[in-house]
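Inside the fold
Next come the chains, spelled out residue by residue.
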Amino acid sequence: MIYIFGGAFDPPHAWHSAIIRTLLHFRHPTQIVILPSGKRNDKEYGVSDEHRLQMLDIFTSELRDPRVIVDDYFIREWEWEMITRDVDEYAREQYGDDIIHIFGTDTIASMPDWDSEQYAAKVVKKLFVPRNFEGICHRDEGSDPEKDKRIQNNNWIASCLAMTEQKGIQNFEFFTESHIPEISSTDIREDIPKYATIHARYENDPQFMIPGLSKKISQYILQNKLYLPKLQNKPKILVHVCCGPDVTMPILELRDQYDVICFWYDPNIQPKAEYDKRYEAFVRVCEIENIPYIKWAYDVKNFFTRIKWLEYTPEKWEKCTHCYDMRMYVAAKLAKKLSIPIYTSSLNTSPKKDLEKLFKMGHKYAEKYRIEFLDIPFRKNWGFEKSVEYTIKNDIYRQNYCGCIYSIREGGENNLKKKIVG
Ligand code: SF4
């Protein structure tokens, strides 16, 4: 027997996987064919067809059973509105008559209205798996007290049988071999934005995932920024900029969710010719990405006063603490002054910076000025490497030391870059 599992798979989640795994275990099918739906008048998908197929690729690879395949016919070939009859006719032609279609029990109530000939309700061979039991009860408006009683007793098969009888559904059976968890695609999609800004912090945690989704699918969604609301009035964010190469990642990561304004304040860079060169590189990135920016004073005296007696401490130590602090403080103060509710820094992109220190400072000044600090480690998820690629592709100047005259001998990120780009 071949099972045909049609649906939106928007995204594929634990309910789909539970059905497939239990079918494989209890019914030993020859094949389970996942047939993602194509164009539908009654439905707009949350992501593009390409993303749905990519997620299904991950989904099937995680099932690790060659009997489970994805057939993309209705996405790639079918140009019209599709109905269940089309799916059944195609599946018979492709896989033979020994097929059975999987449906959730939540479809029973509306199935007779799917086509004028009641092809779905009467002709198609169906396996109903329990889904949205509450929904079945509520949709059955003409229910009698007896049926309500059965529902209260949580006897889903009796309730579904009563409804199939009432609706004239034929040619079906129920999947009773195992419990299937109650999971809704809509709930999952609504939950995803909550995870959009925290995932980078937990990416190395083997347990972290969006509830209802596998870790790999969660990561695919978060990395591709899928299912995020299209914001009309995005909140503003002030991004302190340490250099052009490092600000590429904050801009690319944040621009969909925030109205990004860059802020150049780096009196730690010496000599002045190098400062100007780095500023020009930063301006080029802003021009390419069409991002507004603010330039602040080159108060180099302030920098030397802050690091007095600490000049020869190694990178990441005390002189750098003061150097980060000076820039975070001014950025937070300016964000407050401009009524920008959130700030962050491109310093979080560089692998040579102490993230713990930076995040602590960021939050300290956020608290002081009653704004928020966004503690995203932009260097994660290959962020630093992506910024290197960006600068090579767009011919953006990348410095070979951190910034102050004391860091020139330390070689800054140059060695790292050499390792990456060869
Ligand atoms: S090494 Fe870099 S972070 Fe440290 S003080 Fe010099 S410029 Fe600032």
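Refer to the structure presented above.
The rules behind the values
- Residues numbered from 1 in each chain as written.
- Predicted model: local features only at pLDDT ≥ 70, side-chain atom pairs only at ≥ 80, totals over all residues.
- Heavy atoms only, no water.
- Helix = DSSP H or I, 4+ residues; strand = E, 2+ residues; numbered from the N terminus.
- Buried < 20%, exposed > 50% of the residue type's maximum accessible area, 1.4 Å probe, protein only.
- Contact = heavy atoms within 4.5 Å.
- Expected span 1.5 Å × (residues − 1).
- Phe/Tyr/Trp six-rings, centres within 6.5 Å; stacked < 30°, edge-to-face > 60°.
- Lys NZ or Arg CZ within 6 Å of the ring centre and 35° of its normal.
- Pairing = 2+ DSSP bridges.
- Axes fitted to C-alpha atoms, helices over the stretch in contact; angles between N-to-C directions.
- Core = buried A, V, L, I, M, F, W, Y, C linked by side-chain atoms within 4.5 Å.

1. Some points on the environment of Ser-37
Tracing the chain through its elements places Ser-37 in the loop between strand 2 (31-36) and helix 2 (49-63). For Ser-37, a relative accessible area of 2% corresponds to the buried category. Linking Ser-37 and Met-82, residues 45 residues apart in sequence, is a C-alpha distance of 7.8 Å. The residues contacting Ser-37, other than those within four sequence positions of it, are Gly-7, Ala-8, Tyr-45, Arg-52, Ile-75 and Met-82.

2. Focus on helix 8 (residues 156-167)
Each α-helix turn comprises 3.6 residues. Residues three or four places apart therefore point the same way. The end-to-end C-alpha distance of helix 8, which contains 12 residues, comes to 16 Å, matching closely the 16 Å that a straight helix rising 1.5 Å per residue would cover. For helix 8, the complete set of buried residues consists of Trp-156, Ala-158, Ser-159, Cys-160, Ala-162, Met-163 and Thr-164. After helix 8 finishes, the residue Gly-168 shows a positive phi value of roughly 70°.

3. Describing the packing of aromatic side chains
Scanning the model with the defined rule gives 28 aromatic pairs in all. With 5.0 Å between their ring centres and 90° between their planes, Tyr-73 and Phe-74 make a pair best called edge-to-face. On the accessibility criterion, Phe-74 (1% relative accessible area) is buried. The residue whose ring lies beneath Arg-278 is Tyr-401, and the NZ or CZ to ring-centre distance is 4.9 Å. Positioned over the ring face of Tyr-279 is Lys-295, at 4.2 Å from the centre of the ring.

4. Overview of the sheet that holds strand 6 (residues 172-174)
Read from one edge to the other, the open sheet built from six strands follows the order 3-2-1-4-5-6, with strand pairing classed as parallel. Each of the sheet's edge strands pairs with one partner strand only, and the pair in question is strand 3 (68-70) and strand 6. The average angle at which neighbouring strand axes cross in this sheet is 30°, direction not considered. Taken together, the six bridges between strand 1 (residues 2-7) and strand 2 define a ladder with parallel strand orientation. Looking at strand 2, one finds that Gly-6 is bridged to Leu-35. Those strands touched by helix 1 (residues 14-27) are strand 1, strand 2, strand 3, strand 4 (99-104), strand 5 (126-129) and strand 6, and its axis lies near 175° from that of strand 1. Against the sheet, helix 4 (residues 84-95) contacts strand 1, strand 2, strand 3 and strand 4, and its axis sits at roughly 145° relative to strand 4.

5. Thoughts on the nonpolar core
Counting 37 residues, the largest nonpolar core has Phe-5, Ile-19, Ile-20, Leu-23, Met-55 and Ile-221 as the members making the most contacts within it. Those elements that place two or more of their residues in this core are strand 1, helix 1, strand 2, helix 2, strand 4, strand 5, helix 9 (185-195) and helix 11 (215-223). Among the elements that take part in this core, helix 1 stands out by supplying six residues, more than any other. Residues within four places of Ile-221 in sequence aside, it is in contact with Pro-11, Met-55, Ile-192, Leu-213, Leu-226 and Tyr-227. If you look at the next biggest cluster of nonpolar residues, it comprises 32 residues, including Cys-320, Tyr-324, Ala-331 and Tyr-365.

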